[in-house]
Amino acid sequence: MKRLKVLLAGAAAMAGSMALAGSAQAATYVCTTGPVCSFDGTTGGFTVRRAAQTTAGDLFEIVFATAGTLKVTLTSAQANFTHLAFLGQSFTPSKGTPYAFNIASSGTYLLSLTTQNGTARPAAFSGTFDFAAVPEPAAWGMMIAGVAMAGAALRRRRAPRVAIA
């Protein structure tokens, strides 16, 4: 009977901590200058077409619900990336190189990207956003509680009784 009470108390504690766990949706972004884009909270992408012989910029508004790491990768066959600005960093990005940014807290952030098409015909470029959220405190609490309960169960396990005839 005592074991049943302990088991029910543990189950109630786990259910309570699960109720406190937050949403799995970590981030969204909105394309504010017209590129085609999609994002499901952890990964997404965008595609932009540039007219021949033009240089232009695009602005991406990214809304994060939690802290984490954002990885941005840019690809293009013809267009050149001339400027990327995000989180106070400003540099000339390389094609195909993933750039990681640490997002310290939830909020709205702006990513600015400037590209140049030096060819005589229209060119397209694309990019991907991958976001990995930092585990929430409720998830850490559930993990620690599970390890503690497993350790307690192993410690309390009794040796089997052997009958001697």
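Definitions and cut-offs
Residues numbered from 1 in each chain as written. Predicted model: local features only at pLDDT ≥ 70, side-chain atom pairs only at ≥ 80, totals over all residues. Heavy atoms only, no water. Helix = DSSP H or I, 4+ residues; strand = E, 2+ residues; numbered from the N terminus. Buried < 20%, exposed > 50% of the residue type's maximum accessible area, 1.4 Å probe, protein only. Contact = heavy atoms within 4.5 Å. Areas by Shrake-Rupley, 256 points an atom, 1.4 Å probe, with all protein chains shown as cover. Pairing = 2+ DSSP bridges. Phe/Tyr/Trp six-rings, centres within 6.5 Å; stacked < 30°, edge-to-face > 60°. Core = buried A, V, L, I, M, F, W, Y, C linked by side-chain atoms within 4.5 Å. pLDDT = per-residue confidence, 0-100.

Looking at the overall build of the protein chain
Argument step 1. When helices and strands are counted, the protein chain shows two helices and ten strands.
Argument step 2. Reading the helices (α) and strands (β) of the protein chain from amino to carboxyl end gives α-β-β-β-β-β-β-β-β-β-β-α.
Argument step 3. The buried share of the protein chain, taken over its 165 residues, is 28%.
Argument step 4. At a minimum sequence separation of 6, the contacts of the protein chain that also span at least 24 residues come to 74%.
Argument step 5. When the accessible surface of the protein chain is totalled, it reaches about 10300 Å², and 62% of it is carbon and sulfur.

Observations concerning the pairing of strand β8 (residues 98–103)
Argument step 1. Along β8, the buried face is formed by Tyr99, Phe101 and Ile103; none of Pro98, Ala100 and Asn102, which line the opposite face, is buried.
Argument step 2. Two strands pair when backbone bridges link them, and strand β5 (residues 68–76) and β8 are joined in this way by six bridges, in the antiparallel orientation. Bridge assignment links Thr73 to a residue of β8, and that residue is Pro98.

Concerning unusual backbone geometry
Of all residues except glycine, most have a negative phi; of all peptide bonds, most are trans.
Argument step 1. Of note in the backbone geometry, Gln53 takes a positive phi value of approximately 55° without being a glycine.
Argument step 2. Relative to the helices and strands, Gln53 resides in the loop between β3 (43–50) and β4 (54–64).
Argument step 3. Overall, the relative accessible area of 57% leaves Gln53 in the exposed class.
Argument step 4. With a phi angle near 55°, Leu87 is a residue other than glycine that sits in the positive phi range.
Argument step 5. Within the secondary structure, Leu87 is located in the loop between β6 (80–86) and β7 (89–91).
Argument step 6. A residue is classified by how much of its surface remains accessible, and Leu87, at 35% relative accessible area, is partly exposed.

Describing the packing of aromatic side chains
Argument step 1. Summed over the entire model, instances satisfying the criterion amount to eleven aromatic pairs.
Argument step 2. Relative to Phe125, the ring of Phe46 has its centre 6.3 Å away and its plane inclined at 80°; by these criteria the two rings are edge-to-face. In this pair, Phe46 sits in strand β3 while Phe125 sits in strand β10 (residues 123–133), placing the two residues 79 residues apart along the sequence.
Argument step 3. Its relative accessible area of 2% is what places Phe46 among the buried residues.
Argument step 4. Connected via pairs of aromatic rings, a cluster forms that spans Phe64, Phe86, Phe91, Tyr99, Phe101, Tyr109 and Phe131.

Describing the nonpolar core
The nonpolar side chains of soluble globular proteins are, as a tendency, buried together.
Argument step 1. One finds Phe46, Phe64, Leu70, Phe86, Leu111, Leu113 and Phe129 to be the most contacted residues of the largest nonpolar core, which totals 21 residues.
Argument step 2. Contributing elements (two or more residues each) for this core: β3, β4, β5, β6, β8, β9 (107–117) and β10.
Argument step 3. The residues touching Leu111, leaving out its near neighbours within four places in the chain, are Asp58, Leu59, Phe60, Ile62, Val72, Ala85, Phe86 and Phe129.

Some thoughts on the confidence of the model for the protein chain
Argument step 1. In this model, the protein chain carries an average pLDDT of 78, and 71% of its residues clear a pLDDT of 70 or more.
Argument step 2. For residues 18–26, every residue scores under 50 in pLDDT, and the model assigns this stretch 17 contacts once sequence neighbours within four places are set aside.

Re the pairing of β6
Argument step 1. Here β6 runs beside β9; their pairing, made up of five bridges, is antiparallel. Directly across from Ala85, in β9, lies its bridge partner Ser112.
Argument step 2. Where β6 and β7 come together, three bridges link them in antiparallel fashion. Bridged to Ala85 within β7 is Ser90.
Argument step 3. The loop that links β6 with its antiparallel partner β7 comprises two residues; one of these, Leu87, has a positive phi angle of about 55°.

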